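# Structural overview
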Amino acid sequence: MRTNAQVKKYEAEWKAVEDHITKGLPASALEAVKKIYTRAKTEKQDAQLVKAIVYMTQLQQENREDNPAQRIREIEKEIGESKEPVNSLLNSYLAGIYQQYFAMNRYKLYNRTNTSDFKKDDVATWTIDDFHKKISALYLLSLNNKALLQKTKLASYDAIIVKGNARTLRPTLYDLLAHQALGYFKNDERDISK
């Protein structure tokens, strides 16, 4: 685990990004976020790094075809290059992206049958079972390093957390990620084909 001796907020940089977004300039916003990403990686600012990754994938959504598949590949690449706790955060984020893709394409997926001996590189060819297996695996991976996540307080991750009135209920990163996973696992739809 990287310890962020001094958590940096990059307030001026994020304000510039928001200004670009408000003005309807996603390409300029994306360039500004890429600079934040590079700086955060250099300065080992995990929360800012994750925030930059989230912004980059969302800003690119409007500017390219086949975005869901590219977005997934980019996050998988980041997961492969990252260390804990960023790895756990990105696994949870990627599970959410798969959930969004599934929700947006649910009407197509219910008519598909499961295949065997078929290479499933493209999410556009997946079945309901494929999505639920992947989402479940990612949420479980996000909780894999339980001891480290239970020691990691949320204060240094404020940049990526939507604050509510329940901080005392989820004081550590483990609690936050477990809550995310629980939201998925309590949904009965994942067992619909069984």
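See the structure shown above.
This paragraph deals with helix α3 (residues 46-59). The terminal C-alpha atoms of α3 lie 20 Å apart, and with 14 residues this matches the ideal 20 Å at 1.5 Å per residue to within 8%. Burial runs high along α3: twelve of the 14 residues are buried. Taken together, the buried positions of α3 are Asp-46, Ala-47, Gln-48, Leu-49, Val-50, Lys-51, Ala-52, Ile-53, Val-54, Met-56, Thr-57 and Leu-59. Of the surrounding secondary structure, the elements contacted by the buried residues of α3 are α1 (11-22), α2 (26-43), α4 (67-81) and α5 (86-109).

Here we take up the environment of Ala-159. Within the secondary structure layout, Ala-159 lies in the loop between α7 (146-151) and α8 (173-185). Taking the relative accessible area as the measure of exposure, Ala-159 reaches 31% and is therefore partly exposed. Separated by 149 residues in the primary sequence, Ala-159 and Tyr-10 have C-alpha atoms spaced 9.5 Å apart. Once residues within four sequence positions are removed from consideration, Ala-159 is found in contact with Ala-47, Gln-48 and Lys-51.

Take the pattern of salt bridges next. As a working rule, side chains carrying opposite charge can pair if their charged atoms are close by. Taken as a whole and judged by the stated rule, the model has eight salt bridges. One salt bridge connects Glu-43 with Lys-8, and the closest N-O pair in it is separated by 3.5 Å. Of this pair, Glu-43 sits in helix α2 while Lys-8 sits in the segment before α1, and the two are 35 residues apart along the sequence. Through salt bridges with shared partners, a single ionic network connects Lys-8, Glu-13, Arg-39 and Glu-43.

Let's shift gears to the packing of aromatic side chains. On inspection of all chains with the given rule, the structure shows nine aromatic pairs. With a centroid separation of 4.7 Å and an interplanar angle of 50 degrees, the aromatic rings of Trp-14 and Tyr-55 are classed as tilted. Linking Trp-14 in helix α1 with Tyr-55 in helix α3, this pair joins segments that are 41 residues apart in sequence. What makes Trp-14 buried here is its relative accessible area of 6%. When the ring of Tyr-101 is compared with that of Phe-131, the centres are 5.5 Å apart and the planes differ by 20 degrees; the resulting orientation is stacked. In this pair, Tyr-101 is assigned in helix α5 and Phe-131 in helix α6 (residues 128-142), connecting sequence segments 30 residues apart. Given the relative accessible area of 0%, Phe-131 is considered buried. Over the ring of Tyr-10 we find Arg-39, and its NZ or CZ is 4.1 Å from the ring centre. Looking at Lys-51, its charged tip hangs above the ring of Trp-14, at a distance of 4.4 Å from the centre.

Now for unusual backbone geometry. With an omega of 0 degrees, the peptide bond between Glu-84 and Pro-85 qualifies as cis. Turning to its location among the elements, Pro-85 is positioned in the loop between α4 and α5. Not every positive phi belongs to a glycine, and Tyr-10 is a case in point at roughly 55 degrees. Examined against the element boundaries, Tyr-10 turns out to sit in the segment before α1. One non-glycine residue with positive phi stands out, namely Lys-44, at about 55 degrees.

Here we take up α8. Here α8 contains 13 residues, and its C-alpha end-to-end distance of 18 Å stays within 8% of the 18 Å for a straight helix at 1.5 Å per residue. Buried residues along α8 sit in contact with α5, α6 and α7.

Now for the environment of Ala-16. As for its position among the elements, Ala-16 is in helix α1. By relative accessible area, which is 31% here, Ala-16 ends up partly exposed. For the pair Ala-16 and Ala-32, spaced 16 residues apart in the sequence, the C-alpha separation amounts to 7.4 Å.

Definitions and cut-offs
- Residues numbered from 1 in each chain as written.
- Predicted model: local features only at pLDDT ≥ 70, side-chain atom pairs only at ≥ 80, totals over all residues.
- Heavy atoms only, no water.
- Helix = DSSP H or I, 4+ residues; strand = E, 2+ residues; numbered from the N terminus.
- Expected span 1.5 Å × (residues − 1).
- Buried < 20%, exposed > 50% of the residue type's maximum accessible area, 1.4 Å probe, protein only.
- Contact = heavy atoms within 4.5 Å.
- Salt bridge = Lys/Arg side-chain N within 4 Å of Asp/Glu carboxyl O.
- Phe/Tyr/Trp six-rings, centres within 6.5 Å; stacked < 30°, edge-to-face > 60°.
- Lys NZ or Arg CZ within 6 Å of the ring centre and 35° of its normal.

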